[in-house]
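# Fold and contact review
Each chain is listed here by its residues.
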Amino acid sequence: MAVEVKELLPITQRHEELGLADETVLQMYYHLLLSRRLDERCWVLQRQGRVPFHISGIAHEGIGVGAAYALRKGFDIVHPYYRDLALSIALGMKPVEFMLALYGKKGDPHSAARQMPSHFSLRRLNIISGSSPVATQLPQAAGIALAEVLKQKLRPQLEAAGFQVSREMRVVLTSTGEGSTSEGDFHEALNWAGIYKLPLIVLVHNNQYAISVPVWKQMAVKRVADRAAAYGIRGAVCDGGNVLEVYQVVKEAVDRARAGEGTTLIEAVTYRWTPHSSDDDDRTYRTREEVEQGKLRDPLPRLRDYLYRRSLLTQRLEDELEERVRAEVDEAQRLAEEAPYPAPEEALAPVFATEDRSGWWGE
Amino acid sequence: MPEKTLIEAIREAIDEEMARDPRVFVVGEDVGPRGGVFRATMGLWQKYGEWRVIDSPLAELSIVAIGIGAALNGFRPICEIQFADFIHPAFNQIVNEAARFFYRSGGVYNVPMVIRAPYGGGISGGLYHSQSVEAFFAHVPGLKVVIPSNPYDAKGLLKAAIRDPNPVLFFEPKKGYRLIKGEVPDGDYIVPIGPAKVTREGSDLTVFAYGMMHYYALQAAEMVAKEGIDVEVVDLRTLAPVDKATILNSVKKTGKALIVYEDNLTLGYGAEVAAILAEEGFEYLDGPVMRLAGPDVPGVPFSPPMQDFFMPSPQKIAEAIRRLARY
Ligand SMILES: Cc1ncc(C[n+]2csc(CCOP(=O)(O)OP(=O)(O)O)c2C)c(N)n1
Ligand SMILES: [Mg+2]
């Protein structure tokens, strides 16, 4: 990492200056905590051999929670990637919905137990199904955003035909890792975003690695966000371990996007101190010292520290929250373990749709 | 009924669907003021405006990906790939994304889009303006693959494709754009995606074909008719999902099958038709299932004699028919 960090970095923003109520930051803390404890449990379950695979969002929660709170929940659209456990939780995903996918059980709402876990997809929360090939979601998100522009441009025709167009545009947020920005999909997405001033946010989680490959082997520029200039869009960087800063930067991008000022490429800097996935062993490609350094960016203790400093959190409340979260995670695990597997033949359908259910119309 | 060319029928289908449904829009290279390099969208930009006929940047991956996104968000994109040869940069978005969205979301997200592309050789296009790419995509569950052989079907099938809630690849035999003419009713009608069609009844053997090769197959059938060979011709039209019943029923009647396609021979679409017949039509067969296709070389050469050598023609089809009829 570029900058040596000696101790946990303090959060310097003040939530009220960002327009956030006390309860809202506490709620952010709860979502961060819930994501973290759920994630930790998944690692344990995988190591115990109870589930085949886990890919973690640890160290990425500050980005997900900050971004979720900047969006208009249930209105804006997100096309996330596999580190977006916290984004999904903060948007309203229930722990059991994640656990059912983790176990590949019947009732998994993301993919009906077809995809590997962490391929988030929840129609009720406007979370769009992603695949495993990285960066494919980016140009699709540009298409979703282009549709928002088309709706406004074609409002009279559309409404005459019975399609209600919302008063304001939905903002589309898509995310990916810094390594995945090397894919051509990233370039093509940003190119469209610039040409059509799309109401789009491309949120890059820069956790310094793509599996084992460090960021400097991925790009010759210092910052992912610097690339924005090449597409005629805004670039912005934020500290991904500082949930308030993420909120602030994403909020500004959302407001601009909605106002028709186009796309922002946001780089949220963090450090992935877990292995890439449960199949990875990161000891072959980095030192333990480096990993310990990285943990100083941890969004959870940093927000906790902030809340104590601002007298919003007490030991009692913290304990209560931990207890509540543990109970939720326990319950999710229990439900997932008790749930049946899909019948084998469920693998056969559905291949083709027989009716159309696409689109976000109305408010 | 007025007579129209293949390209006119295609344009008419797009025009009528755009008039009928404001969610339909066209996106691709040069589709705007220029009206497409083959003029498939001629006049549509002038008629419907720049927000419904979108000149894309020169980037096939995102022509398709933008289409997927717009489809997810309620629109009915018609993505034009200028030549089928240039669809490969979009392969990932078509095969991993459009095809798999519905299945991978447990039936929640459907992707109603059409990807049009002119395909096929015999037009001095060399390696990269002559390709047939249908077999790549017909292999992938979740995609529908349609190839019209005549103006009537082209209009009706394209309308069906635009209204279909799934991704449909619509490959157009470009050599036939102005060459193939036929009666096309004004106004709305649909040719459903799925059924193949017996386009010439016969009793001695069946030729299965699609696109330009179907056009040639009909000519070949006339040539050998004078020699007393009574050929049935089946236009496959929808390659995926395949219409097994029509294939099997025809061979049940004729006992012999020749499959003609202008793609490379090996693992081309004809291989699947042959496999269906071997597996499910074995009792009907009175001769070997034969394929006539392009040779297994990496492309259609530019030089006229080499190009002609590559391409199946009515004469070559007639010759193959004679060989098969001898059994
Ligand atoms: C197209 C493609 N190539 C390779 C992979 C295998 N793979 C999965 S994640 C990954 C690294 C991604 O790194 P980055 O984009 O930085 O995201 P991170 O995992 O660090 O959040 C690779 C190589 C893939 N999923 N898709
Ligand atoms: Mg990374």
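Here the residue index of a chain counts from 1 through its sequence in written order. Numbering of ligands from 1 and lettering of chains from A proceed in the order in which they are written. Note on the predicted model: pLDDT of at least 70 is required for a residue's local features to be given, and 80 or more for side-chain atom pairs to be given and counted; whole-chain, interface and lining totals, by contrast, use all residues. Each side-chain value is derived from all of the structure's non-hydrogen atoms; neither hydrogens nor water enter the calculation.

All names here are of chain A. Within the protein, the atoms that donate to the magnesium ion (ligand 2) are Glu178 (OE), Glu178 (OE), Asn207 (OD1) and Tyr209 (O), at distances of 2.0 to 2.7 Å. Each metal's donors are the N, O and S atoms within 2.8 Å of it, or within 3.2 Å when it is Na, K or Ca, and because water is not part of the set, sites may look incomplete. Angular criteria define each label, namely tetrahedral for four donors with all angles between 85 and 135 degrees, square planar for four and octahedral for six donors with opposite donors over 155 degrees apart and remaining angles between 65 and 115, and irregular for whatever fails these tests. Classification of the site at the magnesium ion (ligand 2) as irregular follows from its 6 donor atoms and the range of 51 to 177 degrees in their angles at the metal. Read in sequence order, the donor residues coordinating the magnesium ion (ligand 2) give the pattern E-x28-N-x1-Y. Each member of the pair, Asn207 as well as Tyr209, carries the same accessibility label: buried. Only protein chains enter the accessibility calculation, which uses a 1.4 Å probe. A residue is then buried if its area is under 20% of the maximum for its type, exposed if over 50%, and partly exposed in between.

Overall, the predicted model of chain B reaches an average pLDDT of 98, with 100% of residues at or above 70. Confidence estimates for the predicted assembly give a pTM of 0.98 and an ipTM of 0.97. Scored from 0 to 100, pLDDT reflects the predictor's confidence in each residue.

Another point: the sheet that holds strand 6 (residues 234–239) of chain A. Residue and element names in this part refer to chain A. With parallel pairing, 5 strands are arranged side by side in an open sheet as 1-2-3-7-6. Among the strands making up the open sheet, the edge pair consists of strand 1 (77–79) and strand 6. Averaged over all adjacent pairs, the angle separating strand axes in this sheet is 20 degrees, with direction ignored. Paired strands are those between which DSSP finds at least two bridges. Helix numbers and strand numbers start at the N terminus; a helix is a DSSP run of H or I with at least 4 residues, a strand a run of E with at least 2. Note: strand 2 (residues 172–177) against strand 3 (residues 200–206), 6 bridges, orientation parallel. Within strand 3, the position partnered with Val172 by the bridge is Leu200. Docked against the sheet, helix 5 (residues 137–153) engages strand 1, strand 2 and strand 3, running at close to 170 degrees with respect to strand 2. Here, axes are lines fitted to C-alpha atoms. For helices the fit covers the stretch in contact, and angles between N-to-C directions go from 0 to 180 degrees. Whether two residues touch is decided by their heavy atoms; if any such pair falls within 4.5 Å, the residues are in contact.

Residues and elements named next belong to chain A. Throughout this document, a residue counts as near a molecule or strand when at least one of its heavy atoms sits within 4 Å of that molecule or strand. Around ligand 1 sit 16 residues in total, of which Tyr81, Tyr82, Arg83, Ser180 and Tyr209 are the nearest. With respect to ligand 1, the side chain of Tyr81 contributes an N or O atom lying 2.7 Å from an oxygen atom. One nitrogen or oxygen atom from the side chain of Glu178 is found 3.0 Å from an oxygen atom belonging to ligand 1. The Shrake-Rupley method, run with a 1.4 Å probe, gives the accessible areas here. Residue values count only the displayed protein chains as cover. Expressed as a share of its isolated accessible area of 580 Å², the protein-covered part of ligand 1 is 72%. The classification used treats Ala, Val, Leu, Ile, Met, Phe, Trp, Tyr, Cys and Pro as nonpolar, Asp, Glu, Lys and Arg as charged, and all other residues, Gly among them, as polar. Residue composition of the shell around ligand 1, by class: 7 nonpolar, 6 polar and 3 charged. For this analysis, a polar contact is any N or O atom pair within 3.5 Å, provided that within protein one partner can donate a hydrogen and the other can accept it, and provided that sequence-adjacent residues contribute only side-chain to side-chain pairs.

All names here are of chain B. In spatial order, the strands read 3-2-4-5-7-6-12; together these 7 strands make up an open sheet with mixed pairing. Both edges of this open sheet fall to strand 3 (53–55) and strand 12 (238–240), since each of them pairs with a single strand only. Averaged over all neighbouring strand pairs, the angle between strand axes comes to 20 degrees, with direction disregarded. Two strands pair when backbone bridges link them, and strand 6 (residues 144–146) and strand 7 (residues 168–173) are joined in this way by 3 bridges, in the parallel orientation. Residue pairing for strand 7: Lys144 is matched across the bridge by Val168.

This paragraph deals with the packing of aromatic side chains. Residues and elements named next belong to chain B. Here a Phe, Tyr or Trp ring, Trp counted by its six-membered ring, pairs with any other such ring whose centre lies within 6.5 Å, and the pair is stacked when the planes are under 30 degrees apart, edge-to-face when over 60, and tilted otherwise. One pass over the structure, following the stated rule, counts 21 aromatic pairs over all chains. Relative to Phe137, the ring of Phe91 lies with its centre 5.3 Å away and its plane at 50 degrees, an arrangement referred to as tilted. Of this pair, Phe91 sits in helix 4 (residues 91–98) while Phe137 sits in helix 6 (residues 134–138); the two residues are 46 residues apart in sequence, bridging distant segments of the chain. Exposure remark for Phe91: the relative accessible area of 31% places this residue in the partly exposed category. With a relative accessible area of 0%, Phe137 lands in the buried category. Taking 5.9 Å as the distance between ring centres and 90 degrees as the angle between the ring planes, the aromatic pair formed by Tyr210 and Tyr269 counts as edge-to-face. A residue pair is termed long-range when its members are at least 10 positions apart, and Tyr210 in the loop between strand 10 (205–209) and helix 8 (211–225) and Tyr269 in helix 10 (residues 269–280) qualify at 59 residues.

Our focus in this paragraph is the packing of helix 5 of chain A against helix 3 (residues 60–72) of chain B. Packing of helix 5 of chain A against helix 3 of chain B leaves a shortest axis separation of 6 Å and a crossing angle of 50 degrees. As far as their axial angle goes, helix 3 of chain B and helix 5 of chain A are oblique. Note that helix 5 of chain A runs across helix 3 of chain B; the crossing there is right-handed. Between helix 5 of chain A, through Pro139, Gln140, Ala142, Gly143, Ile144, Leu146 and Ala147 of chain A, and helix 3 of chain B, the contact on the second element is made entirely by Leu61, Ser62, Ala65, Ile66, Ile68, Gly69, Ala70 and Leu72 of chain B. Classifying every residue of the contact of helix 5 of chain A with helix 3 of chain B by side-chain character gives 11 nonpolar, 4 polar and no charged. Orientation categories follow fixed angle ranges, with anything under 35 degrees roughly parallel, anything over 145 roughly antiparallel, 65 to 115 roughly perpendicular, and all other angles oblique. Each crossing is labelled by how the near helix is turned from the far one, with a counterclockwise turn of less than a right angle marking it left-handed and a clockwise turn marking it right-handed.

Residue and element names in this part refer to chain A. For a helix, the expected span equals 1.5 Å multiplied by the number of residues minus one. For helix 11 (residues 315–338), which comprises 24 residues, the first-to-last C-alpha distance of 34 Å matches the rise-based estimate of 34 Å (1.5 Å per residue) to within 8%. Of the positions making up helix 11, those classed as buried are Glu318, Leu321, Val325, Val329, Ala332, Gln333 and Ala336. At its buried positions, helix 11 is contacted by helix 1 (22–47), helix 4 (95–103) and helix 10 (299–309).

With that out of the way, let us pick up the nonpolar core. Formed by 90 residues in total, the largest nonpolar core has its most connected members in Leu198 of chain A together with Phe137, Phe171, Phe208 and Leu236 of chain B. The biggest single contributor to this core is helix 5 of chain A, with 9 residues. There are two domains that each give this core at least three residues, and those are domain 1 (1–181) and domain 2 (195–324) of chain B. Excluding residues that lie within four positions of it along the chain, Phe137 of chain B makes contacts with Ile87, Phe91, Ile94, Val95, Leu143, Val145, Leu169 and Phe171 of chain B. By convention a nonpolar core is built from buried Ala, Val, Leu, Ile, Met, Phe, Trp, Tyr and Cys residues, the set being connected through side-chain atoms within 4.5 Å. With 68 residues, the next largest nonpolar core counts Leu91, Leu312, Ala332 and Ala339 of chain A among its residues. Note that the domain bounds reflect an automated or database-derived domain assignment.

With that settled, the discussion passes to the interface of chain A and chain B. Taken together, the 56 residues of chain A in the interface contact 48 residues of chain B. Simply put, the buried area is the total loss of 1.4 Å probe accessible area from both parts when two parts are fitted together. Together, the buried faces of chain A and chain B total about 4200 Å²; carbon and sulfur atoms form 66% of this surface. When the buried area of chain A at its contact with chain B is split by residue, Gln140, Trp192 and Phe352 of chain A rank highest and sum to 16% of it. For this analysis, a salt bridge means a side-chain nitrogen from Lys or Arg found within 4 Å of a carboxyl oxygen belonging to Asp or Glu. Remark: the boundary between chain A and chain B carries 1 salt bridge. Here Asp356 of chain A makes a salt bridge to Arg76 of chain B, at a shortest N to O gap of 2.3 Å. Counting across the interface, chain A meets chain B through 25 residue pairs in polar contact (both at pLDDT 80 or more). When residues of the side of chain A that touches chain B are traced back to their parent elements, those giving at least two are strand 1, helix 5, helix 6 (155–160) and helix 7 (184–196) of chain A. When grouped by side-chain class, the residues that make up the side of chain A that touches chain B number 28 nonpolar, 18 polar and 10 charged.

The subject of this paragraph is the pattern of salt bridges. The full count for this structure, using the stated rule, is 59 salt bridges over all chains. Two residues, Arg124 of chain A and Glu97 of chain A, come together in a salt bridge whose shortest N-O distance is 2.8 Å. With Arg124 of chain A in the loop between helix 4 and helix 5 and Glu97 of chain A in helix 4, the pair connects residues that are 27 residues apart, well separated along the chain. According to the relative accessible area criterion, Arg124 of chain A is partly exposed, its value standing at 44%. Of the charged contacts, one joins Glu201 of chain B and Lys253 of chain B as a salt bridge, the two residues approaching to 3.1 Å between their closest N and O atoms. With Glu201 of chain B in the loop between strand 9 (197–200) and strand 10 and Lys253 of chain B in helix 9 (residues 244–254), the pair connects residues that are 52 residues apart, well separated along the chain. Glu201 of chain B gets classed as exposed once you look at its relative accessible area, which sits at 59%. Look at Lys253 of chain B and you get partly exposed, because its relative accessible area is 43%. One salt-bridge network, in which partners are shared between bridges, spans Lys4, Glu12, Glu16, Glu17, Arg20, Lys155, Lys159, Arg163, Asp186 and Asp188 of chain B.

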